[in-house]
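# Observations on chain architecture
So you can see what is in the structure, the chains are spelled out below.
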Amino acid sequence: MPTSIQVICDSDVRAMTYPILFCALLATAIDQSVFLTTVPSLGRLAGLSEMQVAVMMSASAGVFAIAANIWSRYTQRFGYKRLLLTGLTGYTVGTVIFATIWWIALRQWISVEALFAGLLLSRCLQSTIMSATPPSAVGYVVAISTSDERAAAISKVTSGNNLGQILGPVLAGLLVSAGLLAPYYFVILFTLAAIILVYCKLPDIGAGDRARPRASANVLMQPVKASTALLITCCICLFACMAIMQQSLAFFLMDSQQLTAVAAARASGLAMMMTAVFSLLIQFTLVQRRWLAQTTLIYLALPVTALAYTLLYLQQSTATLMVGMALLGVGLGAAYPSLAAVATTRCHPDRQSAVTGLLTAAPAMGYITGPPLSAALYNLEHRLPFLLAALLMAASTLAIWWRLPTATNTQSST
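Residues numbered from 1 in each chain as written. Predicted model: local features only at pLDDT ≥ 70, side-chain atom pairs only at ≥ 80, totals over all residues. Heavy atoms only, no water.

## Digging into the overall build of the protein
- Looking only at helices and strands, the protein has 16 helices and zero strands in total.
- Classification of the 414 residues of the protein by burial places 56% in the buried group.
- Put simply, of all contacts in the protein between residues at least 6 apart along the chain, 86% involve residues at least 24 apart.
- Working note: accessible area of the protein is about 16300 Å², and carbon and sulfur atoms make up 67% of it. (Helix = DSSP H or I, 4+ residues; strand = E, 2+ residues; numbered from the N terminus. Buried < 20%, exposed > 50% of the residue type's maximum accessible area, 1.4 Å probe, protein only. Contact = heavy atoms within 4.5 Å. Areas by Shrake-Rupley, 256 points an atom, 1.4 Å probe, with all protein chains shown as cover.)

## A word on unusual backbone geometry
- If you check the backbone angles, Q108 has positive phi at about 60° while not being a glycine.
- Its location among the elements puts Q108 in the loop between α5 (80-106) and α6 (112-130).
- Since its relative accessible area comes to 72%, Q108 is described here as exposed.

## Examining a nonpolar patch on the surface
- The grouping of I66, I70, Y74 and F78 at the surface amounts to a nonpolar patch, some 360 Å² of accessible area in total.
- When you line up the elements, I66 lands in helix α3 (residues 50-72).
- On the basis of relative accessible area, I66 is assigned to the exposed category, the value being 56%. (Patch = residues over 30% accessible without salt bridge, like charges linked within 9 Å, V, L, I, M, F, W, Y side chains within 5 Å. Salt bridge = Lys/Arg side-chain N within 4 Å of Asp/Glu carboxyl O.)

## Quick word on the nonpolar core
- By size, the foremost hydrophobic cluster in this structure holds 114 residues, and its most contacted members are W102, Y184, M245, Y309 and M325.
- Residue contributions to this core peak at 19 residues, all from helix α11 (residues 226-256).
- Once residues within four sequence positions are removed from consideration, Y184 is found in contact with V34, F35, T38, V39, L42, T95, F98 and A99. (Core = buried A, V, L, I, M, F, W, Y, C linked by side-chain atoms within 4.5 Å.)

## With respect to the environment of T320
- Locating T320 in the fold gives a position in helix α14 (residues 318-345).
- Here the alpha-carbon distance between T320 and A308, two residues 12 residues apart in the chain, equals 9.8 Å.
- Not counting residues up to four positions away in its chain, the partners in contact with T320 are L311 and Q315.

## Looking at the confidence of the model for the protein
- With 83% of its residues at a pLDDT of at least 70, the protein reaches an overall mean of 78.
- Predicted confidence is poor over residues 406-414, with pLDDT under 50, and the contacts of this stretch with residues over four places away or in other chains come to 22 contacts. (pLDDT = per-residue confidence, 0-100.)

## Notes on the packing of aromatic side chains
- Enumeration according to the criterion identifies seven aromatic pairs in this entry.
- Taking 5.6 Å as the distance between ring centres and 55° as the angle between the ring planes, the aromatic pair formed by Y80 and Y140 counts as tilted. Of the two residues, Y80 sits in helix α5 while Y140 sits in helix α7 (residues 133-144), which places them 60 residues apart along the sequence. As far as burial versus exposure is concerned, Y80 and Y140 are alike and both buried.
- With centroids separated by 5.7 Å and ring planes inclined at 90°, the aromatic side chains of F252 and F386 adopt a geometry described as edge-to-face. Of this pair, F252 sits in helix α11 while F386 is found in helix α16 (residues 384-408), placing the two residues 134 residues apart along the sequence.
- On the basis of relative accessible area, F386 is assigned to the buried category, the value being 1%.
- Chaining the aromatic ring pairs together yields one cluster made of F98, W102 and Y184. (Phe/Tyr/Trp six-rings, centres within 6.5 Å; stacked < 30°, edge-to-face > 60°.)

## Some thoughts on the packing of α3 against α6
- Relative to each other, α3 and α6 sit at 20°, their axes nearing to 8 Å. One element, α3, and the other, α6, form an angle in the roughly parallel class. Handedness of the α3/α6 crossing: right-handed. Each of Q52, V55, M56, A59, S60, V63, F64, A67 and W71 in α3 lies in contact with α6, whose residues at this interface are V112, F116, L119, L120, R123, C124, S127, T128, I129 and M130.
- Classifying every residue of the contact of α3 with α6 gives 14 nonpolar, four polar and one charged. (Axes fitted to C-alpha atoms, helices over the stretch in contact; angles between N-to-C directions. Parallel < 35°, antiparallel > 145°, perpendicular 65-115°, else oblique. Left-handed = near helix turned anticlockwise from the far one by under 90°. Nonpolar A, V, L, I, M, F, W, Y, C, P; charged D, E, K, R; others polar.)

## Thoughts on α7
- Relative to the 16 Å expected for 12 residues at 1.5 Å per residue, α7 spans 17 Å between its end C-alpha atoms, a close match to the ideal helical length.
- Here α7 lies mainly inside the structure; 11 of its 12 residues are buried.
- Turning to α7, its buried residues number three or more, namely T133, P134, P135, S136, A137, V138, G139, Y140, V141, V142 and I144. (Expected span 1.5 Å × (residues − 1).)

## A closer look at the side chain of T133
- Looking at the element boundaries, T133 is found in helix α7.
- Setting aside residues up to four positions removed in sequence, T133 forms contacts with L25, T28, L84, G87 and L88.

This is the structure:
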């Protein structure tokens, strides 16, 4: 087995590892997008309220955010491969348990209160283990990429999330005719395949770094610099707004267009697929081909997302909805890999695992606040969640335009 330094310097190994990490994130993203597409409809069918669905999402996201930060600190000690396998296994087992609880509930063998408690507990336990996957995959990329190619490298791997968001709703739409739970049992095959691929083919790096000198106490105790914190906060806002949209969209379609639970799951899945398609397109072109600088992508992507949510707030037709979702994909596809690349490039090498942990926990941190805010506003007026998302992204845009130019012209030792 080559040492981690040899692996990092071997371009052939880098070329091989990116597709494997891509497939690992693809499998989990398919699972997650199926969850987000079907849970609102399942909740309505089983008698759960919008707030109960939101609490379930937020609580599991909170556990995910905490656990991802903890896992990220052990990647170099135990190895990226081992923790990646741990996360994928947790995802697979957790999905089986989660789907089985729904199966029992839909046969009315348990009460709504017991259903809510069971789903909440199972999802939180699943989040505890599956949260090892993102910091392991992104940390692996950070370890084997140079600063110049990092945004493109992160995009190559995280574009698996976007493709998963395309395939997940499609699978959900095709399979819900056989039952709302059919997609859950089907996607387990993807995570099992990812486990086999990672175990057999992925080089193991990180574990061999135990003998590497530890960072000084002064470096490790330094707080995250304000500019780095701003980049991480923008990532959190991106996913908080995404959670607000995903929490509200299916309910909005059911209540505004009088769609059934199955029809709403299909329609929201198609809309989210539109976002994923355009996100993937932007990552394969602008980001991976490095047509624009990382900071330029950030400057442009954030206002595009604000415009997208504004269109969702103003929507009166399916065409407007789809245009808004397409613009959202453009913004998300350019923003997250660029924000992550700038944040990890500008931090001290010995703080990369901590910053990576915060970045990979950003989606979960967004899902802590997004769904409850969405549910509370939705009960007041069905369009208010989309307005809140537009305002949050507009505020993030102004903050980046104001603070990032100075920050990117200075060297950080965060």
